[in-house]
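# Chain and residue survey
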Amino acid sequence: MSPKSLITLLIKIGGLFLLFSALKIVMEFLWTVSFTIISFFVNPLGFCISLVSVLICMLIYFILIRLCFYKTDFIIRKFSLAKHFNEDKFDSPIDQSLLVPMAIVVLGGVLIINAVLDLCSNFISMLPLQAMTGTGFYNQASDSVFYAGLKLMLGLVLIFNYKRLSLWLEKRQRG
């Protein structure tokens, strides 16, 4: 198995995770629409903002799923995921020097996927409250969005710097 085929497999597994999690987002979307229709008469602008924001989140979700299933080569090229692996093929016992970079990439990918899900979910949950009250965002949901944003940034740092991180971990392990 080549590094590119392994990374492709992991991206498609992440796409399946996104697809199965889409049911939660669709249910929250339906709940949000039914909840904010009531607030349309109180705050029509808040209703429109809420509806457009939810549709934008669903569009981002759809684009991510399509990228994971149909554009895996684009993702691998864009993030240079297979570039730094020295071996062309993995033997059955995986070399220890390849295990750490692969683990860092997988961990970064899981963090990104989880953060995108949390961001979409929190935005969808937060907007009806803002639309109904006409005030700012609910504090607890704002904290959740902040932590999901931190998780997203950490995942991106892990993916973009996996080679440096693996070298640093190997140096620390040696001495």
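Reference entry: report on the structure contained in this document.

The next thing to look at is the side chain of serine 166. Inspection of the secondary structure assignment puts serine 166 in helix H6 (residues 162-174). Residue serine 166 is classed as buried on the basis of its relative accessible area of 2%. Sequence-distant contacts of serine 166, that is, excluding residues within four places in its chain, are made with Val100, Pro101 and Ile104.

Below, the discussion takes up helix H2 (residues 44-70). Taking 1.5 Å per residue, 27 residues should reach 39 Å; H2 reaches 39 Å between its end C-alpha atoms and fits that length. If you check which residues of H2 are buried, you get Gly46, Phe47, Ser50, Val54, Cys57, Tyr61, Ile65, Cys68 and Phe69.

The next subject is the environment of isoleucine 11. Here isoleucine 11 is to be found in helix H1 (residues 3-39). Along the backbone, isoleucine 11 and cysteine 68 are 57 residues apart, and their C-alpha atoms lie at a distance of 5.7 Å. Residues contacting isoleucine 11, with those up to four places away along its chain left out, are Cys68, Thr72, Ile75, Ile76 and Leu81.

If you look at the biggest cluster of nonpolar residues, it comprises 27 residues, and the most contacted ones within it are Ile7, Ile11, Leu18, Tyr61, Ile65, Leu81 and Phe85. Put simply, the parts of the chain that give this core at least two residues each are H1, H2, helix H3 (72-78), helix H4 (96-133) and helix H5 (139-160).

Reading the values: rules and limits
- Residues numbered from 1 in each chain as written.
- Predicted model: local features only at pLDDT ≥ 70, side-chain atom pairs only at ≥ 80, totals over all residues.
- Heavy atoms only, no water.
- Helix = DSSP H or I, 4+ residues; strand = E, 2+ residues; numbered from the N terminus.
- Buried < 20%, exposed > 50% of the residue type's maximum accessible area, 1.4 Å probe, protein only.
- Contact = heavy atoms within 4.5 Å.
- Expected span 1.5 Å × (residues − 1).
- Core = buried A, V, L, I, M, F, W, Y, C linked by side-chain atoms within 4.5 Å.

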